[in-house]
Amino acid sequence: RKEVEQDPGPFNVPEGATVAFNCTYSNSASQSFFWYRQDCRKEPKLLMSVYSSGNEDGRFTAQLNRASQYISLLIRDSKLSDSATYLCVVFPGNQFYFGTGTSLTVIP
Amino acid sequence: EADIYQTPRYLVIGTGKKITLECSQTMGHDKMYWYQQDPGMELHLIHYSYGVNSTEKGDLSSESTVSRIRTEHFPLTLESARPSHTSQYLCASNPPGEGTDTQYFGPGTRLTVL
């Protein structure tokens, strides 16, 4: 079983739409959680950390449900520039585990 | 913006050659990592280091080696390149201390072995 599972998509949404990505992780001892963004043929870049109480950064909202071992990312008012692959990343304390990523294309 | 560099950015090489992929960071980070990523797939950890003279193997380490003689430098060596090594190699680092688990990635080396 994979450490981190994500729906690969692709998600094709119109500009201005709200889109949500989900991610599940297998190690209940995981301590830190992140969403990274990766553009085509580029390196991953941190989008936001995910805190137990949930957190928001502009149009992006991340939620963590430890009981269900589930992480989500909500993007409101999608922009063309949001088109990318979004990676769910989990850190149980020894190494980072990456999901395969969810592909998002925002359509004009 | 993270100051982590990788060279070369692109490399095409023949089977059986020995190659070294370079990674350097100027942030003074103790923790450094090498990942391999195929298109559409997740990152797989190859090696990592928690400081000078400290190296550990990840999931895909069997055909490569690393060294950590200086804090800022973490090169990855493939002793005998094979077509199955064709992939993107990403170097990352993160600072020490609690609450600093954010990884900063270099731009990657895209390797093709013919």
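Rules and cut-offs
Residues numbered from 1 in each chain as written. Chains lettered and ligands numbered in written order. Predicted model: local features only at pLDDT ≥ 70, side-chain atom pairs only at ≥ 80, totals over all residues. Heavy atoms only, no water. pLDDT = per-residue confidence, 0-100. Helix = DSSP H or I, 4+ residues; strand = E, 2+ residues; numbered from the N terminus. Phe/Tyr/Trp six-rings, centres within 6.5 Å; stacked < 30°, edge-to-face > 60°. Buried < 20%, exposed > 50% of the residue type's maximum accessible area, 1.4 Å probe, protein only. Lys NZ or Arg CZ within 6 Å of the ring centre and 35° of its normal. Contact = heavy atoms within 4.5 Å. Buried area = accessible area lost by both parts, 1.4 Å probe. Salt bridge = Lys/Arg side-chain N within 4 Å of Asp/Glu carboxyl O. Polar contact = N/O pair within 3.5 Å; in protein donor to acceptor, adjacent residues only side chain to side chain. Nonpolar A, V, L, I, M, F, W, Y, C, P; charged D, E, K, R; others polar. Pairing = 2+ DSSP bridges. Axes fitted to C-alpha atoms, helices over the stretch in contact; angles between N-to-C directions.

## Focus on the confidence of the model for chain B
- The share of residues in chain B with pLDDT of 70 or more is 95%, and the mean pLDDT across the chain is 91.
- Confidence scores differ between elements of chain B, with strand β10 (residues 104–105) of chain B showing the lowest mean pLDDT of 93 and strand β3 (residues 19–25) of chain B the highest of 97.

## Concerning the packing of aromatic side chains
- Inspection of the entire model under this criterion finds 15 aromatic pairs over all chains.
- Taken together, a centroid distance of 5.3 Å and an interplanar angle of 75 degrees make the contact between A:F11 and A:F21 edge-to-face. Note that A:F11 is positioned in strand β2 (residues 11–14) and A:F21 in strand β3 (residues 19–25), a separation of ten residues in sequence.
- Given the relative accessible area of 1%, A:F21 is considered buried.
- Both rings, one in A:F98 and one in B:Y35, keep their centres 5.2 Å apart while their planes meet at 75 degrees; by these two values the pair is edge-to-face. Pair noted here: A:F98 is in strand β10 (residues 97–98) and B:Y35 is in strand β4 (residues 31–37), and the two residues belong to different chains.
- B:Y35 gets classed as buried once you look at its relative accessible area, which sits at 0%.
- Through a chain of ring-to-ring contacts, three or more aromatic side chains come together here, namely A:F34, A:Y36, A:F91, A:F96, A:F98, B:Y33, B:Y35, B:Y48, B:Y50 and B:F105.
- For B:R68, the ring lying beneath its charged end belongs to B:F74, and the centroid distance is 5.8 Å.

## A closer look at the interface of chain B and chain A
- Counting residues at the interface gives 21 residues for chain B, matched by 20 residues for chain A.
- Both sides together, the interface formed by chain B and chain A hides about 1700 Å², and carbon and sulfur atoms give 50% of it.
- When residues of chain B are sorted by the area they lose upon contact with chain A, B:E42, B:D101 and B:F105 head the list and together hold 31% of the total.
- Counting every contact that joins chain B to chain A gives one salt bridge.
- Measuring nitrogen to oxygen at the nearest pair gives 3.4 Å for the salt bridge that ties A:K2 to B:E42.
- Along the contact surface separating chain B from chain A lie three residue pairs in polar contact (both at pLDDT 80 or more).
- Listing elements by their share of the side of chain B that touches chain A, those giving two or more residues are β4, β5 (44–51) and β9 (87–94) of chain B.
- Partitioning the side of chain B that touches chain A into residue classes produces nine nonpolar, seven polar and five charged.

## Looking at the sheet that holds strand β8 (residues 76–78) of chain B
Residue and element names in this part refer to chain B.
- The antiparallel open sheet is built from four strands, whose spatial order is β1-β3-β8-β7. Each having just a single partner strand, β1 (4–7) and β7 (64–66) make up the two edges of the open sheet. Between one strand and the next, the sheet's axes are offset by a mean angle of 15 degrees, whatever the strand orientation.
- One ladder, built from four bridges, connects β1 with β3; its direction is antiparallel.

## A short note on the environment of B:Q6
Residues and elements named next belong to chain B.
- Inspection of the secondary structure puts Q6 in strand β1.
- The class for Q6 is buried, based on a relative accessible area of 3%.
- Sequence separation between Q6 and W34 is 28 residues, and the spatial gap between their C-alpha atoms is 11 Å.
- One polar contact links the side chain of Q6 to the main-chain amide nitrogen of C91, over a distance of 3.0 Å.

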